[in-house]
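# Inside the fold
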Amino acid sequence: MFWLSLLFAIGFALIHYFSGQLIHVRETPRSRFLSLAGGVAVAYVFLHLLPELNEYQRELEGHLESGLFASIENHILVVSMLGLAVFYGLERLATQMKKRRNGSVFWIHMALFIVYNFSIGYVLAESEFDTAWAMTLYFLALGIHFITVDQGLRHHHQELYDKRGRLWLSLAVLAGWGVGAFSALHEVTLSMIVAFLAGGIILNVMKEELPEERDSSFRAFAVGLIGYALLLLAI
(Lines give C-alpha, C1' and ligand atoms only; values in the text may rest on other atoms or scores of the structure.)
Protein backbone atom coordinates (compact mmCIF):
# COMPACT_ATOMS: atom_id res chain seq x y z
CA MET A 1 0.00 0.00 0.00
CA PHE A 2 2.98 2.33 0.56
CA TRP A 3 4.02 2.26 -3.09
CA LEU A 4 0.44 2.54 -4.31
CA SER A 5 -0.15 5.59 -2.13
CA LEU A 6 3.08 7.14 -3.45
CA LEU A 7 1.93 6.49 -7.02
CA PHE A 8 -1.41 8.15 -6.29
CA ALA A 9 0.26 11.11 -4.58
CA ILE A 10 2.36 11.66 -7.70
CA GLY A 11 -0.83 11.28 -9.74
CA PHE A 12 -2.53 14.00 -7.69
CA ALA A 13 0.44 16.31 -8.24
CA LEU A 14 0.49 15.66 -12.00
CA ILE A 15 -3.24 16.32 -12.28
CA HIS A 16 -2.79 19.72 -10.68
CA TYR A 17 0.23 20.59 -12.74
CA PHE A 18 -1.02 19.48 -16.15
CA SER A 19 -4.84 19.60 -15.96
CA GLY A 20 -4.99 22.92 -17.82
CA GLN A 21 -3.07 21.39 -20.72
CA LEU A 22 -4.64 17.93 -20.70
CA ILE A 23 -8.29 18.89 -20.53
CA HIS A 24 -10.04 22.05 -21.65
CA VAL A 25 -13.54 22.50 -20.32
CA ARG A 26 -15.86 25.44 -20.75
CA GLU A 27 -17.17 27.33 -17.75
CA THR A 28 -20.37 28.87 -19.12
CA PRO A 29 -22.46 26.94 -19.84
CA ARG A 30 -20.67 24.67 -17.45
CA SER A 31 -18.97 21.62 -18.90
CA ARG A 32 -20.88 18.41 -18.19
CA PHE A 33 -17.58 16.88 -17.12
CA LEU A 34 -17.22 19.40 -14.29
CA SER A 35 -20.79 18.79 -13.14
CA LEU A 36 -20.20 15.03 -13.26
CA ALA A 37 -17.00 15.52 -11.24
CA GLY A 38 -18.97 17.42 -8.62
CA GLY A 39 -21.45 14.56 -8.30
CA VAL A 40 -18.62 12.04 -7.87
CA ALA A 41 -17.01 14.10 -5.10
CA VAL A 42 -20.29 14.54 -3.22
CA ALA A 43 -21.04 10.80 -3.43
CA TYR A 44 -17.59 10.01 -2.04
CA VAL A 45 -17.99 12.42 0.87
CA PHE A 46 -21.44 11.22 1.92
CA LEU A 47 -20.93 7.48 1.39
CA HIS A 48 -17.32 7.11 2.46
CA LEU A 49 -15.82 10.04 4.34
CA LEU A 50 -18.79 10.89 6.55
CA PRO A 51 -19.48 7.25 7.58
CA GLU A 52 -15.79 6.96 8.39
CA LEU A 53 -16.21 9.90 10.74
CA ASN A 54 -18.50 7.74 12.91
CA GLU A 55 -15.54 5.51 13.73
CA TYR A 56 -13.38 8.52 14.50
CA GLN A 57 -16.16 9.90 16.73
CA ARG A 58 -16.04 6.78 18.91
CA GLU A 59 -12.28 7.04 19.23
CA LEU A 60 -12.48 10.73 20.02
CA GLU A 61 -15.04 10.15 22.78
CA GLY A 62 -12.57 7.82 24.44
CA HIS A 63 -10.08 10.69 24.70
CA LEU A 64 -12.63 13.23 25.91
CA GLU A 65 -14.10 11.46 28.91
CA SER A 66 -14.04 14.61 31.01
CA GLY A 67 -13.89 18.35 30.58
CA LEU A 68 -15.85 20.86 28.56
CA PHE A 69 -15.78 18.99 25.25
CA ALA A 70 -16.99 15.75 26.85
CA SER A 71 -20.49 17.24 27.15
CA ILE A 72 -20.65 17.98 23.40
CA GLU A 73 -22.13 15.39 21.08
CA ASN A 74 -20.93 14.70 17.54
CA HIS A 75 -17.56 16.40 17.95
CA ILE A 76 -16.41 15.19 14.54
CA LEU A 77 -19.41 16.63 12.74
CA VAL A 78 -18.78 19.94 14.50
CA VAL A 79 -15.24 19.91 13.10
CA SER A 80 -16.58 19.09 9.64
CA MET A 81 -19.05 21.98 9.91
CA LEU A 82 -16.21 24.28 10.94
CA GLY A 83 -14.22 23.10 7.92
CA LEU A 84 -17.06 24.13 5.64
CA ALA A 85 -17.43 27.47 7.45
CA VAL A 86 -13.70 28.27 7.30
CA PHE A 87 -13.47 27.53 3.59
CA TYR A 88 -16.60 29.57 2.93
CA GLY A 89 -15.35 32.50 5.02
CA LEU A 90 -11.97 32.62 3.33
CA GLU A 91 -13.59 32.25 -0.09
CA ARG A 92 -15.84 35.23 0.63
CA LEU A 93 -12.83 37.23 1.85
CA ALA A 94 -10.95 36.42 -1.34
CA THR A 95 -13.95 37.48 -3.45
CA GLN A 96 -14.29 40.80 -1.64
CA MET A 97 -10.57 41.51 -1.97
CA LYS A 98 -10.72 40.70 -5.67
CA LYS A 99 -13.46 43.32 -6.14
CA ARG A 100 -11.16 45.86 -4.51
CA ARG A 101 -8.33 44.70 -6.77
CA ASN A 102 -6.25 43.69 -3.78
CA GLY A 103 -3.19 41.73 -4.92
CA SER A 104 -3.22 39.58 -1.79
CA VAL A 105 -6.26 37.61 -2.95
CA PHE A 106 -4.11 35.15 -4.90
CA TRP A 107 -2.03 34.26 -1.87
CA ILE A 108 -5.11 33.90 0.35
CA HIS A 109 -6.52 31.43 -2.16
CA MET A 110 -3.20 29.62 -2.36
CA ALA A 111 -2.83 29.37 1.43
CA LEU A 112 -6.33 27.96 1.66
CA PHE A 113 -5.82 25.30 -1.00
CA ILE A 114 -2.29 24.46 0.12
CA VAL A 115 -3.80 23.38 3.45
CA TYR A 116 -6.60 21.60 1.55
CA ASN A 117 -4.19 19.67 -0.68
CA PHE A 118 -1.80 18.93 2.17
CA SER A 119 -4.70 17.33 4.04
CA ILE A 120 -5.69 15.23 1.03
CA GLY A 121 -2.11 13.99 0.61
CA TYR A 122 -1.82 13.29 4.33
CA VAL A 123 -5.03 11.28 4.45
CA LEU A 124 -3.89 9.29 1.40
CA ALA A 125 -0.76 8.13 3.25
CA GLU A 126 -2.05 7.90 6.81
CA SER A 127 -5.57 6.47 6.49
CA GLU A 128 -5.88 2.71 6.89
CA PHE A 129 -7.57 1.82 3.61
CA ASP A 130 -9.03 -1.67 3.81
CA THR A 131 -8.07 -2.60 0.26
CA ALA A 132 -6.22 -1.25 -2.74
CA TRP A 133 -9.66 -0.67 -4.28
CA ALA A 134 -10.63 1.64 -1.42
CA MET A 135 -7.50 3.72 -1.98
CA THR A 136 -8.14 3.73 -5.73
CA LEU A 137 -11.65 5.08 -5.21
CA TYR A 138 -10.22 7.85 -3.02
CA PHE A 139 -7.78 8.74 -5.77
CA LEU A 140 -10.40 8.69 -8.52
CA ALA A 141 -12.92 10.81 -6.62
CA LEU A 142 -10.47 13.48 -5.50
CA GLY A 143 -8.39 13.38 -8.69
CA ILE A 144 -11.51 14.32 -10.66
CA HIS A 145 -12.33 16.89 -7.98
CA PHE A 146 -8.87 18.45 -8.43
CA ILE A 147 -9.73 19.23 -12.05
CA THR A 148 -12.74 21.21 -10.83
CA VAL A 149 -10.58 23.04 -8.28
CA ASP A 150 -8.02 23.86 -10.96
CA GLN A 151 -10.68 25.27 -13.26
CA GLY A 152 -12.02 27.52 -10.51
CA LEU A 153 -8.61 28.85 -9.54
CA ARG A 154 -7.61 29.35 -13.16
CA HIS A 155 -10.82 31.31 -13.70
CA HIS A 156 -9.99 33.60 -10.75
CA HIS A 157 -6.26 34.08 -11.31
CA GLN A 158 -5.55 33.13 -14.92
CA GLU A 159 -1.84 33.26 -15.81
CA LEU A 160 -0.74 33.78 -12.20
CA TYR A 161 -2.23 30.42 -11.26
CA ASP A 162 -0.51 28.66 -14.16
CA LYS A 163 2.84 30.29 -13.38
CA ARG A 164 2.87 29.75 -9.61
CA GLY A 165 -0.30 28.34 -8.14
CA ARG A 166 -0.40 24.93 -9.77
CA LEU A 167 3.19 24.22 -8.68
CA TRP A 168 2.46 25.13 -5.06
CA LEU A 169 -0.63 22.94 -4.98
CA SER A 170 1.20 20.02 -6.56
CA LEU A 171 3.96 20.28 -3.96
CA ALA A 172 1.39 20.58 -1.15
CA VAL A 173 -0.10 17.17 -2.01
CA LEU A 174 3.34 15.55 -2.04
CA ALA A 175 4.29 17.25 1.21
CA GLY A 176 1.11 16.01 2.88
CA TRP A 177 1.78 12.49 1.66
CA GLY A 178 5.38 12.67 2.93
CA VAL A 179 4.29 13.74 6.41
CA GLY A 180 1.64 11.02 6.51
CA ALA A 181 3.99 8.32 5.24
CA PHE A 182 6.99 9.05 7.46
CA SER A 183 5.45 10.31 10.67
CA ALA A 184 2.72 9.04 12.92
CA LEU A 185 0.35 11.66 14.22
CA HIS A 186 -2.18 10.80 16.89
CA GLU A 187 -5.37 9.12 15.70
CA VAL A 188 -7.37 12.06 17.03
CA THR A 189 -5.35 14.42 14.82
CA LEU A 190 -6.09 12.28 11.78
CA SER A 191 -9.80 12.28 12.62
CA MET A 192 -9.81 16.07 12.85
CA ILE A 193 -8.07 16.38 9.47
CA VAL A 194 -10.53 14.00 7.77
CA ALA A 195 -13.52 15.83 9.29
CA PHE A 196 -12.20 19.25 8.31
CA LEU A 197 -11.45 17.96 4.81
CA ALA A 198 -14.97 16.58 4.39
CA GLY A 199 -16.48 19.98 5.14
CA GLY A 200 -14.08 21.65 2.73
CA ILE A 201 -14.89 19.25 -0.12
CA ILE A 202 -18.63 19.79 0.31
CA LEU A 203 -18.20 23.57 0.22
CA ASN A 204 -15.88 23.52 -2.79
CA VAL A 205 -18.21 21.32 -4.81
CA MET A 206 -21.29 23.35 -3.94
CA LYS A 207 -19.73 26.74 -4.69
CA GLU A 208 -18.74 25.51 -8.14
CA GLU A 209 -22.09 23.88 -8.95
CA LEU A 210 -24.70 26.17 -7.40
CA PRO A 211 -24.14 29.65 -8.92
CA GLU A 212 -26.88 30.26 -11.48
CA GLU A 213 -24.57 31.95 -13.95
CA ARG A 214 -22.55 28.74 -14.32
CA ASP A 215 -25.53 27.06 -16.03
CA SER A 216 -24.52 23.72 -14.50
CA SER A 217 -25.86 20.42 -15.78
CA PHE A 218 -27.99 18.72 -13.14
CA ARG A 219 -28.21 15.62 -15.32
CA ALA A 220 -24.42 15.24 -15.41
CA PHE A 221 -24.20 15.98 -11.68
CA ALA A 222 -26.83 13.30 -10.98
CA VAL A 223 -25.06 10.76 -13.22
CA GLY A 224 -21.79 11.33 -11.35
CA LEU A 225 -23.52 11.18 -7.97
CA ILE A 226 -25.61 8.06 -8.61
CA GLY A 227 -22.99 6.23 -10.67
CA TYR A 228 -20.21 6.68 -8.14
CA ALA A 229 -22.58 5.94 -5.24
CA LEU A 230 -23.50 2.62 -6.84
CA LEU A 231 -19.82 1.84 -7.37
CA LEU A 232 -19.04 2.55 -3.71
CA LEU A 233 -21.97 0.47 -2.51
CA ALA A 234 -21.05 -2.44 -4.79
CA ILE A 235 -17.44 -2.73 -3.58
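Everything quoted here is computed from the prediction, not taken from an experiment. (Residues numbered from 1 in each chain as written. Predicted model: local features only at pLDDT ≥ 70, side-chain atom pairs only at ≥ 80, totals over all residues. Heavy atoms only, no water.)

## Quick word on the overall build of the chain
On a plain count of helices and strands, the chain comes out with eight helices and zero strands. Listed N to C, the secondary structure of the chain is α-α-α-α-α-α-α-α in terms of helices and strands. By the burial criterion, 48% of the 235 residues in the chain qualify as buried. Partitioning the intrachain contacts of the chain with sequence separation of at least 6 by distance along the chain shows that 83% fall at a separation of at least 24. When the accessible surface of the chain is totalled, it reaches about 12100 Å², and 65% of it is carbon and sulfur. (Helix = DSSP H or I, 4+ residues; strand = E, 2+ residues; numbered from the N terminus. Buried < 20%, exposed > 50% of the residue type's maximum accessible area, 1.4 Å probe, protein only. Contact = heavy atoms within 4.5 Å. Areas by Shrake-Rupley, 256 points an atom, 1.4 Å probe, with all protein chains shown as cover.)

## Some remarks on the nonpolar core
Phe12, Tyr44, Tyr138 and Ile201 are the most contacted members of the largest nonpolar core, which totals 57 residues. Elements supplying a minimum of two residues to this core: helix H1 (2–22), helix H2 (32–63), helix H3 (75–99), helix H4 (105–126), helix H5 (132–157), helix H6 (159–182), helix H7 (187–209) and helix H8 (218–234). Leave out the neighbours within four places in its chain, and tyrosine 138 touches Phe12, Tyr44, Ile120, Val123, Leu124, Phe129, Leu197 and Tyr228. (Core = buried A, V, L, I, M, F, W, Y, C linked by side-chain atoms within 4.5 Å.)

## Section: a negative patch on the surface
Where like charges cluster on the molecular surface, the negative patch consists of Glu55, Glu128, Asp130 and Glu187. For glutamate 187, the position within the fold is in helix H7. (Patch = residues over 30% accessible without salt bridge, like charges linked within 9 Å, V, L, I, M, F, W, Y side chains within 5 Å. Salt bridge = Lys/Arg side-chain N within 4 Å of Asp/Glu carboxyl O. Lys, Arg positive; Asp, Glu negative; His and termini not counted. Charge placed at Lys NZ, Arg CZ, Asp CG, Glu CD.)

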